[in-house]
Amino acid sequence: MAKSGEHAGQPVSTVDRSVGRALGDYATQTFAVAAAEVQKLHHDPLELLTRAVQPVLWLMLFGEVMARVRGVAPGNIPYLDFLAAGILAQSALFVAIFYGISAIWERDLGVLQRYLVSPAPRSALVLGKALSAGVRALSQAMIVYALALLLGVGIDLHPLNILGVAVAIVLGSALFSTLSLIIACIVKTRERFMGIGQVLTMPIFFASNAIYPLSLMPAWLRVVSHVNPLTYEVDALRALMLTNGVSDYGLLLDFGVLSAATVVLTLIAARMYGRMGY
Amino acid sequence: MQTASSPPIHDIAVQASRLTRKFGDLTAVDQVTLTINQGEIFGLIGPNGAGKSTLIRMLTTLLPPTSGSATVAGYDIVSQPAEVRRHIAYVPQLLSADSALTGYENMLLSARLYGVPRRERAERITRALARMGLSDVAHHPAGHYSGGMIRRLEIAHSLLHRPTVLFLDEPTVGLDPGARETVWEHVLDLRDRFHRTMIVTSHHMDEIDEFCDRIALIDRGRIAAVGTASELKARVGPDATLDDVFIRLVAATSETESEGGYGEVRRARRAAREHS
């Protein structure tokens with residue numbers, strides 16, 4: 001029962017090595033949670049197809065009708081192209097915002113307790129969950145890309161653009177899934193969460209540039225949209241995904257906002273996640 | 001291990017001192033002072049809602065105490081929770097294995113979370129699954145396992161990082177007699193082979209009587225009695241069983257269910273249903 005624990009045998013001088021090891025452990029623990037998600041998707045790929053229905057409906061019903069309305073999309077971008085980036089962000093948002101449900105589910109089952117009694121830092125678990133949402137959203141993105149190509153949307157297939165889109169989607173999913181996790185930590189039951197999840201997705205989606213430009217909005221809504229991280233995610237996606245896409249705010253600001261919001265939410269969630277086991 | 005006569009101080013696995021947890025007005029655990037020795041199989045018994053699970057959740061650092069203190073494996077549960085977690089394993093009353101993953105994938109997740117070195121992972125996982133008799137189903141989804149197999153998978157997790165103290169919250173709830181027997185065989189084997197400490201809750205007095213070195217009876221958050229099975233039985237009468245001890249020493253007033261009762265019954269029932 002040595003008090004000094006398992007690190008007692010290590011030489012004291014190798015501080016750098018132990019810092020490196022701690023970082024390595026942290027990365028492994030984060031990765032472990034996300035890897036489990038990949039394995040689950042691998043076991044049940046049909047789940048992805050069922051989730052693909054909604055973006056299909058948006059693009060083919062809403063998109064085709066709205067494309068006939070002149071002057072919605074700015075400049076020379078066809079509306080369907082404009083919409084495609086918004087729907088890509090939306091499908092990732094919908095996956096992420098209901099992520100808290102699975103956290104509550106895991107809590108009720110006992111899987112959460114198993115995570116929480118492990119020596120993994122809470123923030124590593126939260127980041128792992130966020131990455132899991134990113135993985136799921138990426139698989140959605142592939143479906144939206146395929147569909148958009150079929151519908152003749154001008155998509156830039158340069159590898160760097162695709163990489164940029166992937167990063168934006170993972171960041172956006174991490175952000176909204178962590179927000180979702182924070183809400184789950186507060187409400188603690190699936191029933192309450194369902195109500196709040198619905199209430200949240202509407203304003204996040206409609207008070208953004210996902211399906212129409214901010215220039216069409218009344219002034220007050222434009223202000224709301226400017227503090228909505230989804231606006232920056234869509235802006236980055238539009239610039240990177242479309243052959244003639246441009247960014248309104250600049251990619252630096254877009255990625256800056258998404259990263260900063262993710263870090264802040266992760267720090268908050270890490271403090272709350274442990275209390276879910278109460 | 002039959003007699004637990006004042007062990008040397010370094011042989012103490014769990015030391016709780018006036019440990020208390022309140023939920024609003026309800027005092028779920030009330031000033032519990034308890035010493036559990038290294039290598040002991042220690043049984044926690046008591047009615048539903050008596051505070052057994054709350055006590056375990058505090059000792060496993062899932063729940064901070066309202067007051068009092070405790071050390072587990074030599075580490076303080078409040079000031080050194082990460083060290084405590086590194087040295088314990090907890091098999092909760094609920095199912096902790098992820099049913100969407102295979103047994104092997106479940107083990108891999110644990111191995112990574114517990115920092116088992118990459119080179120040793122595959123070997124330790126394979127060995128732990130073999131020891132629990134799960135080699136044949138290692139690559140089947142845990143959702144297809146029987147209740148007894150899931151429990152064994154959960155115990156297999158605790159072989160990966162070699163914890164010194166294991167907490168098993170109703171490991172045999174909802175299992176048929178054969179599966180219960182197998183779970184206990186593995187628990188005893190772990191203790192005998194590796195000198196692990198086991199803290200076990202159960203409502204089956206027969207298995208507590210048969211397998212536990214010492215027992216604490218918890219009633220309304222307090223320890224009503226501690227001792228070996230024979231000591232407890234002797235307190236009640238010459239031919240008493242552990243059932244008699246339970247019924248006699250648990251105050252008649254606990255007929256009026258404590259507030260924790262409903263939730264615990266609901267959870268236990270669900271766990272039982274999912275195990276079967």
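On a predicted model such as this, the values are computed, not experimentally measured, just so you know.

Undergrad: Got a minute to help me understand the overall build of chain A in this structure?
TA: Of the regular secondary structure elements, chain A holds 12 helices and zero strands. Beginning at the N terminus, the succession of helices and strands in chain A can be written as α-α-α-α-α-α-α-α-α-α-α-α. Taking 2.2 N^0.38 as the reference for a compact globule, 278 residues should give roughly 19 Å; the C-alpha atoms of chain A span a radius of gyration of 21 Å, in line with that estimate. With the C-alpha coordinates aligned to their principal axes, the bounding extent of chain A is approximately 75 × 45 × 40 Å. Looking at chain A residue by residue over its 278 residues, the buried ones come to 43%. The long-range share in chain A, meaning contacts at least 24 apart out of those at least 6 apart in sequence, stands at 80%.

Undergrad: What is the right way to read the overall build of chain B from this model?
TA: When helices and strands are counted, chain B shows 10 helices and 10 strands. A total of 276 residues make up chain B; the buried ones form 51% of that total. When contacts within chain B are restricted to residue pairs at least 6 apart in sequence, long-range pairs at least 24 apart make up 70% of them.

Undergrad: Help me out: how do you make sense of the pairing of strand β9 (residues 214–219) of chain B in this one?
TA: Residues in a regular strand point their side chains to alternate faces of the sheet. All names here are of chain B. Within β9, six of the six residues are buried, which leaves the element mostly enclosed by the surrounding structure. Neither face of β9 is open: one carries R214, A216 and I218, the other I215, L217 and D219, and all of them are buried. Examined bridge by bridge, strand β3 (residues 41–45) and β9 share four bridges and lie parallel to one another. Note that in β9 the partner of G43 across the bridge is I215. Bridge count for β9 against strand β10 (residues 222–227) is five bridges, and the pairing is antiparallel. From the neighbouring strand, I215 faces β10, where its bridge partner is G227. Between the antiparallel neighbours β9 and β10 lie two residues, among them R220 with a positive phi of about 50°.

Undergrad: Sorry if this is basic, but what is going on with the sheet that holds strand β4 (residues 67–72) of chain B here?
TA: All names here are of chain B. The strand order β2-β1-β4-β5 describes an open sheet built from four strands, whose pairing is antiparallel. Where the open sheet ends on each side, the last strands, each with one partner, are β2 (26–37) and β5 (75–76). Of the strand pairs in this sheet, strand β1 (residues 12–23) and β2 are connected by eight bridges, and their pairing is antiparallel. Along β2, the bridge assignment pairs L19 with V32.

Undergrad: Could you clarify how one ought to interpret the interface of chain A and chain B in this entry?
TA: One frequent convention defines the size of an interface as the accessible area lost when the parts assemble. Residue-level contacts link 23 residues of chain A with 27 residues of chain B. Contributing elements (two or more residues each) for the side of chain A that touches chain B: α1 (15–43) and α6 (111–116) of chain A. Here the side of chain A that touches chain B takes eight residues from α1 of chain A, the largest share from any one element. When its residues are assigned to classes, the side of chain A that touches chain B shows 10 nonpolar, nine polar and four charged.

Undergrad: Where do I start with the environment of D169 of chain B in this structure?
TA: Its place among the elements puts D169 of chain B in strand β7 (residues 165–169). Each C-alpha atom, one on D169 of chain B and one on R57 of chain B, is 9.7 Å from the other, the two residues being 112 residues apart in sequence.

Undergrad: What should I look at first to understand the confidence of the model for chain B in this one?
TA: Low-confidence regions, as indicated by low pLDDT, have predicted coordinates that should not be scrutinised in detail. All names here are of chain B. Averaged over every residue, the pLDDT of chain B is 86; the share at 70 or more is 87%. Here residues 1–9 scores under 50 on pLDDT; set against residues more than four positions off or in separate chains, the count is nine contacts. Scored by ipTM, the complex comes to 0.84, with pTM at 0.85.

Undergrad: Mind showing me how you'd approach the sheet that holds β9 of chain B here?
TA: The strands making up a sheet associate through hydrogen bonds between their backbones, and the pairing can be parallel or antiparallel. All names here are of chain B. Across the sheet, which stays open at both edges, the six strands sit in the order β6-β7-β8-β3-β9-β10 with mixed pairing between neighbours. Looking at the sheet topology across the chains shown, the edges are occupied by β6 (88–91) and β10. Here the average twist between neighbouring strands, direction ignored, is 15°. Lying on the sheet, helix α8 (residues 229–236) is in contact with β9 and β10; it crosses β10 at an angle near 110°. Across the sheet, helix α9 (residues 242–249) touches β3, β9 and β10, and the angle it forms with β9 is around 30°.

Undergrad: How do you make sense of helix α6 (residues 177–194) of chain B when you look at a structure like this?
TA: Residues spaced three or four apart along an α-helix face the same direction, because each turn holds 3.6 residues. Residue and element names in this part refer to chain B. The end-to-end C-alpha distance of α6, which contains 18 residues, comes to 26 Å, matching closely the 26 Å that a straight helix rising 1.5 Å per residue would cover. Taken residue by residue, α6 has R180, V183, V187 and L190 as its buried positions. Considered in projection along α6, the buried side chains sweep an arc of 90° and stay on one side of the axis. Structural note: α6 exposes P177, G178, E185, D192 and R193 on the side pointing more than 90 degrees away from its buried face. Elements that come into contact with the buried residues of α6 comprise β3, α5 (147–160), β8 (197–201) and α7 (205–211). Phi turns positive one or two residues past the end of α6, at H195, with a value near 60°.

Thresholds applied
- Residues numbered from 1 in each chain as written.
- Chains lettered and ligands numbered in written order.
- Predicted model: local features only at pLDDT ≥ 70, side-chain atom pairs only at ≥ 80, totals over all residues.
- Helix = DSSP H or I, 4+ residues; strand = E, 2+ residues; numbered from the N terminus.
- Rg over C-alpha atoms; globule rule 2.2 N^0.38 Å.
- Buried ≥ 20, exposed ≤ 12 C-beta atoms within 10 Å, placed from the backbone.
- Contact = placed C-beta atoms within 7 Å.
- Pairing = 2+ DSSP bridges.
- Nonpolar A, V, L, I, M, F, W, Y, C, P; charged D, E, K, R; others polar.
- pLDDT = per-residue confidence, 0-100.
- Axes fitted to C-alpha atoms, helices over the stretch in contact; angles between N-to-C directions.
- Expected span 1.5 Å × (residues − 1).
- Arc of directions from axis to C-beta.

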